[in-house]
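Notes for the structure review
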Amino acid sequence: MDSLGGEVIRVIDTDGDHASWTFSAYPGTVRAARRAVRDQLRLWNLDSVGDLAALLVSELVTNALRYATGPIGVRLTRPTDHGGVLLVEVSDPLPEPPHERAARPEDEGGRGLQLLASASRRWGTRPAAPGKTVWFELAVPR
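Cut-offs used in this document
Counting of residues starts from 1 at the beginning of each chain's written sequence and follows it residue by residue. Restriction of local features to residues with pLDDT of at least 70 applies here, the model being predicted, together with a cutoff of 80 or more for giving and counting side-chain atom pairs; totals for whole chains, interfaces and linings are based on all residues. Only hydrogens and water are set aside when side-chain values are computed; all heavy atoms of the structure are taken into account. Runs of E in the DSSP output that reach at least two residues are strands. Runs of H or I that reach at least four are helices, and both are numbered from the N terminus. Burial status follows relative accessibility: with a 1.4 Å probe on protein chains alone, a residue under 20% of its type maximum counts as buried, one over 50% as exposed, and anything between as partly exposed. Contacts between residues were defined by any pair of non-hydrogen atoms, one from each residue, lying within 4.5 Å. Each accessible area is a Shrake-Rupley result for a 1.4 Å probe, and residues are judged covered by the shown protein chains and nothing else. By definition here, a salt bridge exists when the distance from a side-chain nitrogen of Lys or Arg to a carboxyl oxygen of Asp or Glu is within 4 Å. pLDDT measures how confident the predictor is about each residue, on a scale from 0 to 100. Each polar contact in these results corresponds to two N or O atoms within 3.5 Å; when the atoms are within protein, one needs to be able to donate a hydrogen and the other to accept it, and residues that are neighboring in sequence are counted only if both atoms are side-chain atoms. At least two DSSP bridges between two strands are required for those strands to pair. Expected span of a helix: the number of residues minus one, times 1.5 Å.

For the rest of this paragraph, the subject is the overall build of the chain. Scanning the chain for helices and strands turns up three helices and seven strands. Going from N to C terminus, the chain has its helices and strands arranged as β-β-β-α-α-β-β-α-β-β. Put simply, the chain has 142 residues, and 43% of those count as buried. When contacts within the chain are restricted to residue pairs at least 6 apart in sequence, those whose partners lie at least 24 apart make up 62%. On the chain, roughly 7,800 Å² of surface is accessible, and the fraction owed to carbon and sulfur atoms is 50%.

See the structure below:
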């Protein structure tokens, strides 16, 4: 169970195809995570969500790199019984959940979670050992 804006929700069941990676906290991590996500989604014939998934993973990995020293985990799940939903998770060792903030037009950052909220089906955070996991769901064509 996860909390999203005070509401308790259930994350989709994680039966199905999985792919996961662990990255060290170094500058090339964002590029490597994007490439891994795109390559895996291509193998699953989910190219239609590859760019969006890679963009959102990039935002979350960048956020994790800004505050954590690593490792950073990325996991994709394509549940068999929920064929229209891709679950994407990014984990880091810091327990504090990310906070959405209102970015001003002149700000260079602060829009990642707004982008995540507007582009994903739903998203949230949950405690992990150690740290936390930020997850999101994308609708995929059946």
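Next comes the rest of the write-up.
Moving on, we come to the pattern of salt bridges. In total, this model carries eight salt bridges according to the counting rule given. The salt bridge involving Arg75 is made with Glu89; its shortest N-O contact spans 3.4 Å. Here Arg75, found in strand β4 (residues 72-79), pairs with Glu89, found in strand β5 (residues 85-92); they are 14 residues apart in sequence, far enough to count as distant. For the salt bridge of Asp92 with Lys132, the shortest nitrogen-to-oxygen distance reads 2.8 Å. Pair noted here: Asp92 is in strand β5 and Lys132 is in strand β7 (residues 132-139), with a separation of 40 residues, a long-range link. Owing to a relative accessible area of 7%, Asp92 belongs among the buried residues under this scheme. Overall, Lys132 belongs to the buried group, its relative accessible area being 7%. Members of the salt-bridge network, linked through shared partners, are Arg75, Glu89 and Arg126.

Below, the discussion takes up the confidence of the model for the chain. Chain-level pLDDT for the chain is 83 on average; 80% of the residues reach the 70-or-more range. Per-element confidence in the chain is highest for helix α1 (residues 29-43), whose mean pLDDT is 96, and lowest for strand β2 (residues 7-9), whose mean pLDDT is 35.

Note that Thr77 resides in strand β4. Given a relative accessible area of 0%, Thr77 falls into the buried group. Of the polar contacts made by the side chain of Thr77, one reaches the side chain of His18; its length is 3.2 Å.

A few words now on the environment of Ala32. Structurally, Ala32 is set in helix α1. A sequence separation of 26 residues divides Ala32 from Ser58, and the C-alpha atoms of the two residues are 9.4 Å apart. Setting aside residues up to four positions removed in sequence, Ala32 forms contacts with Phe23 and Tyr26.

Attention shifts here to the pairing of β7. In terms of burial, β7 is a largely internal element, seven of the eight residues being buried. Bridge count between β5 and β7: eight bridges; the pairing is antiparallel. Counted as the bridge partner of Ser91 is Thr133 from β7. Connecting strand β6 (residues 122-127) to the antiparallel partner β7 that follows it, the hairpin turn spans four residues, and Gly131 within it adopts a positive phi of roughly 90 degrees.

Turning our eyes to something else, we now look at helix α2 (residues 50-67). Spanning 18 residues, α2 covers 26 Å between terminal C-alpha atoms, matching the ideal 26 Å at 1.5 Å per step. Residues of α2 that are buried include every one of Gly50, Ala53, Ala54, Leu56, Val57, Ser58, Leu60, Val61 and Ala64, and no others.

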